[in-house]
Amino acid sequence: MNRAGKYLLLGLSSLALCHPAAADDIFIRASQVGYHMNHAGPAVAFSRAPLPTDFSLVAADNERNVFFRGKATPISGSGWGQFSNHVELDLSSFHTPGKFILKIGDPKSLPVRVGNHPFGQLAVALLEFMREQRCGYNP
């Protein structure tokens, strides 16, 4: 899958909170479906202001235990909406299962799951939804 496809998939699987953005707000988009611990993909962060060069992955339960530190890679040649600064947060070298939060500066993501079966029962739920919508049965 090419880079644009990865970001489209990431955008579709992330949850956005809608509120007016200050000039220095940082937004993080990580897969809310999950990441496979041996094939973790990227997350992205964006802002109107310059972004920090480092990010971390912390335990979701206490946010104090740092499990991973990485360098934020600037994404050039792209402009998404009103944001002029974009970075990729590469999780491909992280291989520990659990529930984590991405942090870049003070802003943090929603919890993300990393594991052997990050998609869990997602296919079952999606097929059930499709069946209900297609067959007209919607309790």
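Overview of the structure.

**Some points on the overall build of the chain**
Counting its regular elements, the chain contains two helices and eight strands. Along the chain, from the amino end to the carboxyl end, the secondary structure elements read α-β-β-β-β-β-β-β-β-α. Among the 139 residues that make up the chain, the fraction classed as buried is 35%.

**Description of the pairing of strand β3 (residues 42-47)**
Among the six residues in β3, six count as buried, and that is most of the element. Burial of β3 is two-sided: the residues Pro42, Val44 and Phe46 facing one way and the residues Ala43, Ala45 and Ser47 facing the other way are all buried. Across four bridges, the pairing between strand β1 (residues 26-29) and β3 is antiparallel. Across the sheet, residue Ile26 finds its bridge partner in β3, namely Ser47. One ladder, built from six bridges, connects β3 with strand β6 (residues 85-90); its direction is antiparallel. Bridge assignment links Ser47 to a residue of β6, and that residue is Asn85.

**Overview of the sheet that holds strand β5 (residues 66-74)**
Strand order in the open sheet formed by eight strands is β1-β3-β6-β5-β4-β7-β8-β2, with mixed pairing between adjacent strands. Of all the strands in the sheet, the pair left with one neighbour each is β1 and β2 (35-36). Across five bridges, the pairing between strand β4 (residues 54-59) and β5 is antiparallel. If you follow Asp54 over to β5, its bridge partner there is Lys71.

**Observations regarding a nonpolar patch on the surface**
A cluster of nonpolar side chains, contributed by Phe119, Leu122 and Leu126, occupies part of the molecular surface with about 280 Å² of accessible area. Within the element layout of this structure, Leu122 appears in helix α2 (residues 122-135).

**Thoughts on unusual backbone geometry**
Although it is not a glycine, Glu63 adopts a positive phi angle of roughly 60°. If you trace the backbone, Glu63 turns up in the loop between β4 and β5.

**Regarding the nonpolar core**
Membership of the largest hydrophobic core comes to 22 residues, with the highest contact counts inside it found for Tyr35, Leu89, Leu102 and Ile104. Sorting the residues of this core by element identifies β1, β3, β4, β5, β6, β7 (98-103) and β8 (112-115) as the ones contributing at least two each.

**Remarks on the pattern of salt bridges**
Pairing of side chains with opposite charge becomes possible as their charged atoms draw close. In this structure the tally under the stated criterion is two salt bridges. Linking Asp54 and Lys71 is a salt bridge whose minimum nitrogen-to-oxygen distance equals 2.8 Å. With Asp54 in strand β4 and Lys71 in strand β5, this pair connects stretches of sequence that are 17 residues apart. Across the salt bridge formed by Glu63 and Lys108, the nearest N and O atoms sit 2.9 Å from each other. One end of the pair, Glu63, is in the loop between β4 and β5; the other, Lys108, is in the loop between β7 and β8, with 45 residues separating them in the sequence.

**What to know about the packing of aromatic side chains**
Counted by the stated rule, this structure contains seven aromatic pairs. Ring centres of Phe94 and Phe100 lie 5.1 Å apart, and the angle between their planes is 90°; this geometry places the pair in the edge-to-face category. An identical accessibility class is assigned to Phe94 and Phe100; each is buried. Through pairs of rings, three or more aromatic residues link up here, namely Phe55, Phe67, Phe68, Phe94 and Phe100.

The rules we used
Residues numbered from 1 in each chain as written. Predicted model: local features only at pLDDT ≥ 70, side-chain atom pairs only at ≥ 80, totals over all residues. Heavy atoms only, no water. Helix = DSSP H or I, 4+ residues; strand = E, 2+ residues; numbered from the N terminus. Buried < 20%, exposed > 50% of the residue type's maximum accessible area, 1.4 Å probe, protein only. Pairing = 2+ DSSP bridges. Patch = residues over 30% accessible without salt bridge, like charges linked within 9 Å, V, L, I, M, F, W, Y side chains within 5 Å. Areas by Shrake-Rupley, 256 points an atom, 1.4 Å probe, with all protein chains shown as cover. Salt bridge = Lys/Arg side-chain N within 4 Å of Asp/Glu carboxyl O. Core = buried A, V, L, I, M, F, W, Y, C linked by side-chain atoms within 4.5 Å. Phe/Tyr/Trp six-rings, centres within 6.5 Å; stacked < 30°, edge-to-face > 60°.

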